[in-house]
There are 2 protein chains.
Amino acid sequence: MAQLQRLAIAPTQIHQQQITLTPQQHHYLSRVLRLRQGDRFIAIDGKGNWLLANLAGTSAEILEQLSIETELPVTVTLMVALPKGNGFDEIVRCCTELGVAVIMPVMSDRTLLNPSPQKLERWRRIATEAAEQSERQIVPTILDPLAFSAGLSFCQEQLHEELVKNHQYICVTRRDCVNLLECLQLKVDGNSDYSQSIVIATGCEGGWTDAEVESAIAHNFQPVSLGHRILRAVTAPIVAMSLIAAATEKI
Amino acid sequence: MAQLQRLAIAPTQIHQQQITLTPQQHHYLSRVLRLRQGDRFIAIDGKGNWLLANLAGTSAEILEQLSIETELPVTVTLMVALPKGNGFDEIVRCCTELGVAVIMPVMSDRTLLNPSPQKLERWRRIATEAAEQSERQIVPTILDPLAFSAGLSFCQEQLHEELVKNHQYICVTRRDCVNLLECLQLKVDGNSDYSQSIVIATGCEGGWTDAEVESAIAHNFQPVSLGHRILRAVTAPIVAMSLIAAATEKI
């Protein structure tokens, strides 16, 4: 099974036991991966389903649904203030490997970048590739970039709307805060209902402004530390995801 | 001060203002780190004391006790099988931010890269820049690349020689191993004498061969997991350092 190639598909491509392939997907399977008629591959629908399929003409036939357990037991939303340059590429790649479910790029007071639609396409392509490489069952969702304040409201709406319990953290430097790991483990020990959802926010170069931290706190975010050193904007979300994955995942 | 190398010692090696060095420690300082008479280094006694010292004959003289705020309470040696391309740059940068003390680049069975002396210079420059940016108090030591088997022997010599307690881990995939975080915390809870030293080994693309893992186990390395997904060679050491920093650091 580990030898089979994987292909990310949309749930809407599935009709009964058939997968309708796009011309690009068919090209990828037959030309890039050099699969022949009847060869098997794994189709991942981004909703937690892994489907063993074989190539049949310009579509594919579903053989069986596979049971794969590489997803975290919590849904993690990563709210990242966009760093400068191409730093966000690395964040998307590494955090996808570490199990993030949703990445929300936000523009904070100190964000310099205003990303183009091409950037967004690129990030989604990186997420798809990283999900396949790391054997994820789900390709993370990358939301359209939005203002930090809108991001906070978005989380609050979800919090109210759903019966989902949100744990919301904002990573800060130079404050005497509890370490994120300790925080996560207090929650786990105190109440093993890690039910549902974790939101974690990390800043760009220069960090969050005081006003941003205060606003996050007003939206039920808890300030946490990622250690005694100053991390780059690219490193912080990777560290946060490392801690969340290890603290929540069963052995 | 930021340029100084560090050496783990046992408190029993301290007599008034002198540190009695073992032959191995003297060899390490003078041959491996190439310090000369009168050159300064930092001696760490595993009890939270950092001592500025200088090499004097076959012992060392204590100059002053340092106040340390951004260094980890353990000495972490990262043994990394060299990844392809420029991946090692990112490993050096991020792991320096996360508090690594020594980086040991090793050539494993699946390593493709044979680094030039220019590469080594480049990595040391990156480490210096990252140490300053992250407000570290020391610059990590980057050793000359060596074979994986030589790296294992190097660690074993240190283990036997010193009164220092080594915790040695090798990160593996596709095995039912305990997660590194759980492992670290068992050690901390069971015996808070985290005294001294952690060695952690991560593989290159394709991972370690079975023979390499068996050899590491024979050298007292414990196989550990970094989670259920397959991490890239660049991501794994960053995740490992994130967990070590968070698990060992006081708030």
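As the structure is a computational prediction, the values presented were derived from the model and not from experiment.

**Some points on the sheet that holds strand E6 (residues 59-66) of chain B**
Residues and elements named next belong to chain B.
Part 1 of the reasoning: Pairing is mixed in the open sheet, where six strands are placed in the order E1-E4-E5-E6-E3-E2. The sheet is open, and its two edges are formed by strand E1 (6-8) and strand E2 (14-15), each paired on a single side.
Part 2 of the reasoning: Its contacts with the sheet put helix H1 (residues 23-32) on E1, strand E3 (18-20), strand E4 (40-44) and strand E5 (50-56), and the angle it makes with E1 is roughly 170°.

**Some thoughts on the confidence of the model for chain A**
Part 1 of the reasoning: With 89% of its residues at a pLDDT of 70 or more, chain A has an overall mean of 87.
Part 2 of the reasoning: Helix H5 (residues 180-190) of chain A is the least confidently modelled element of chain A, averaging 75 in pLDDT, while helix H2 (residues 87-97) of chain A averages 97, the highest of any element.

**Structural notes on the packing of helix H2 (residues 87-97) of chain B against helix H3 (residues 117-133) of chain B**
Residue and element names in this part refer to chain B.
Part 1 of the reasoning: Relative to each other, H2 and H3 sit at 30°, their axes nearing to 8 Å. Taken as axis vectors, H2 and H3 run roughly parallel relative to one another. Along this stretch, H2 crosses H3, giving a crossing that reads as right-handed. For the pair formed by H2 and H3, the contact residues are Phe88, Asp89, Val92, Arg93 and Thr96 on the first element and Arg122, Trp123, Ile126, Ala127, Ala130 and Ala131 on the second.

**Topic: helix H3 (residues 117-133) of chain A**
Residues and elements named next belong to chain A.
Part 1 of the reasoning: Helix length check: H3, at 17 residues, gives a terminal C-alpha distance of 25 Å against a target of 24 Å (1.5 Å per residue), a fit within 8%.
Part 2 of the reasoning: By the burial criterion, the buried members of H3 are Lys119, Leu120, Trp123, Ile126, Ala127, Ala130, Ala131 and Glu132.
Part 3 of the reasoning: On its buried side, H3 packs onto strand E1 (6-8), helix H1 (23-32), H2, strand E8 (102-107) and strand E9 (141-142).
Part 4 of the reasoning: Glu135 lies just past H3 and shows a positive phi near 65°.

**Let's talk about the interface of chain A and chain B**
Part 1 of the reasoning: Each partner contributes to the interface: chain A provides 40 residues, whereas chain B provides 39 residues.
Part 2 of the reasoning: Each partner contributes to the roughly 3,200 Å² buried at the junction of chain A and chain B, and carbon and sulfur atoms together form 54% of this total.
Part 3 of the reasoning: Scanning the region where chain A abuts chain B turns up six salt bridges.
Part 4 of the reasoning: Note that B:Glu249 is salt-bridged to A:Arg229, the shortest N-O span being 2.8 Å.
Part 5 of the reasoning: Counting across the interface, chain A meets chain B through 17 residue pairs in polar contact (both at pLDDT 80 or more).
Part 6 of the reasoning: Elements that contribute at least two residues to the side of chain A that touches chain B include exactly H2, H5 and helix H7 (235-248) of chain A.
Part 7 of the reasoning: Partitioned by chemical class, the residues of the side of chain A that touches chain B number 17 nonpolar, ten polar and 13 charged.

**Focus on unusual backbone geometry**
Among all residues except glycine, the phi angle is most often negative; among peptide bonds, the trans geometry is most common.
Part 1 of the reasoning: In this structure, A:Asn220 takes a positive phi of about 70° despite not being glycine.
Part 2 of the reasoning: Relative to the helices and strands, A:Asn220 resides in the loop between helix H6 (210-218) and strand E13 (222-224).
Part 3 of the reasoning: The phi torsion at B:Glu135 lies on the positive side, around 65°, for a residue other than glycine.
Part 4 of the reasoning: Residue position: B:Glu135 is located in the loop between H3 and strand E9 (141-142).
Part 5 of the reasoning: Its relative accessible area of 36% is what places B:Glu135 among the partly exposed residues.

**With respect to the environment of A:Ala10**
All names here are of chain A.
Part 1 of the reasoning: Structurally, Ala10 is set in the loop between E1 and strand E2 (14-15).
Part 2 of the reasoning: Overall, the relative accessible area of 30% leaves Ala10 in the partly exposed class.
Part 3 of the reasoning: For the pair formed by Ala10 and Ala43, sequence separation is 33 residues and the distance between their alpha carbons is 9.3 Å.

**Thoughts on the pairing of strand E7 (residues 75-81) of chain A**
Residues and elements named next belong to chain A.
Part 1 of the reasoning: Most of E7 sits inside the fold, with six of its seven residues counted as buried.
Part 2 of the reasoning: Pairing geometry for E7 and strand E12 (residues 197-202), over six bridges, is parallel. In the sheet register, Thr77 faces E12, and the bridge partner there is Val199.
Part 3 of the reasoning: Two elements, E7 and E8, share five bridges in a ladder whose sense is parallel. Across the sheet, residue Met79 finds its bridge partner in E8, namely Met104.

The rules behind each value
Residues numbered from 1 in each chain as written. Chains lettered and ligands numbered in written order. Predicted model: local features only at pLDDT ≥ 70, side-chain atom pairs only at ≥ 80, totals over all residues. Heavy atoms only, no water. Pairing = 2+ DSSP bridges. Helix = DSSP H or I, 4+ residues; strand = E, 2+ residues; numbered from the N terminus. Contact = heavy atoms within 4.5 Å. Axes fitted to C-alpha atoms, helices over the stretch in contact; angles between N-to-C directions. pLDDT = per-residue confidence, 0-100. Parallel < 35°, antiparallel > 145°, perpendicular 65-115°, else oblique. Left-handed = near helix turned anticlockwise from the far one by under 90°. Expected span 1.5 Å × (residues − 1). Buried < 20%, exposed > 50% of the residue type's maximum accessible area, 1.4 Å probe, protein only. Buried area = accessible area lost by both parts, 1.4 Å probe. Salt bridge = Lys/Arg side-chain N within 4 Å of Asp/Glu carboxyl O. Polar contact = N/O pair within 3.5 Å; in protein donor to acceptor, adjacent residues only side chain to side chain. Nonpolar A, V, L, I, M, F, W, Y, C, P; charged D, E, K, R; others polar.

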